[in-house]
Amino acid sequence: MKFCRYGAKGAEKPGIIDSDGRLRALSNVDDITPSAFENGSLSRFASIDPTTLPLVEGMPRFGVPIAGVGKIVAIGLNYRDHAIESNLPIPTEPMMFMKAVTSLSGPNDDVILPEGATHGDWEVELGVVIGKTCRYVSEANALDHVAGYVLANDVSERFNQKERGSQWSKGKGHDTFCPVGPWLVTPDEIGDPQNLDMRLDLNGERMQTGNTRTMIFNVAELIAYVSRYVTLLPGDLMITGTPPGVGEGKKPDKIFLKPGDVMEVSIDRLGTQQQHVLAFDLEKLS
């Protein structure tokens, strides 16, 4: 199933996408929240024909497809060619960092560069939404703890990430730097999460092309590994790394985001995002 949240920012309503790609209202559900995964309240829709639900007219804004994300755990350098283009060693263990929850935004919301930004960059990533508490979970059981998968763009400001000390969060946690959605897709519709094509275009030109099968550490390995160090709770989001093709890795000249740019991001079965890049504007962030 494809769950979503639609409507104005801060007033999103829960919805579902039917087999024809049409948006239907989940009028009997308050919202798509972590507790909905814990108590199984969303599972009852598996036996319901989505076409019996009210059709939502028009083209409303999509929000982050789950409300109340507790934390975002990100994995860096999880594709060999991306590590090489970044001039960094191939990881022998997953590289973890945290991305601020305040960086979350809807899949088609504007990306607003931070004040003084010079090195904005993009990263198409597979996101994993946790459905059950993960604490020292085995790799064999890890995927049983997944509520669904999402498309994410791990937007970065590389100067803040790498030149202002050792904490990547400085370049990863800016407001609007984690567009997620449009849908949360349940595992039964995804099948093997290690066989999903990924792509990102900038101003109509292909920048990233990849497939999740080329991850250094697969989704099950990542969940098991992270759960040894950080307890993952229902509704938490883990983003799993990006394939090569980021702006910082372009040769002969690096490419960085500038106001007026448009990013189009997609992963098979998870939908498509489009973000317009804007210059810093504090009022637009409020």
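Residues numbered from 1 in each chain as written. Predicted model: local features only at pLDDT ≥ 70, side-chain atom pairs only at ≥ 80, totals over all residues. Heavy atoms only, no water.

A. Highlighting helix α6 (residues 219-226). Of all eight residues that make up α6, seven are buried, and the element is covered over most of its length. Taken as a whole, α6 has its buried residues at Val-219, Ala-220, Leu-222, Ile-223, Ala-224, Tyr-225 and Val-226. One side-chain oxygen of the residue at the start of α6 lies 3.2 Å from the amide nitrogen of Ala-220, identifying that residue as Asn-218. (Buried < 20%, exposed > 50% of the residue type's maximum accessible area, 1.4 Å probe, protein only. Helix = DSSP H or I, 4+ residues; strand = E, 2+ residues; numbered from the N terminus. Polar contact = N/O pair within 3.5 Å; in protein donor to acceptor, adjacent residues only side chain to side chain.)

B. Examining the pairing of strand β18 (residues 271-278) more closely. Going residue by residue along β18, you find Gly-271, Gln-273, Gln-275 and Val-277 tucked away on one face and Thr-272, Gln-274, His-276 and Leu-278 left uncovered on the opposite face. Across two bridges, the pairing between strand β7 (residues 111-112) and β18 is parallel. Considered in β18, the bridge of Ile-112 is made with Leu-278. (Pairing = 2+ DSSP bridges.)

C. How the structure looks around unusual backbone geometry. Here the bond from Gly-181 into Pro-182 is cis, since omega is 20 degrees, no more than 30 degrees from zero. Secondary-structure assignment places Pro-182 in the loop between β12 (178-179) and β13 (184-185). That bond from Lys-251 to Pro-252 is cis: its omega, 5 degrees, falls within 30 degrees of zero. The phi dihedral of Thr-176 falls on the positive side, at around 75 degrees, and the residue is not glycine. The topology assignment puts Thr-176 in the loop between α4 (169-172) and β12. With phi around 70 degrees, Arg-269 is a residue other than glycine that occupies positive phi space. For Arg-269, the location among the structural elements is in the loop between β17 (262-267) and β18.

Just geometry here; none of it tells us what the structure is for.
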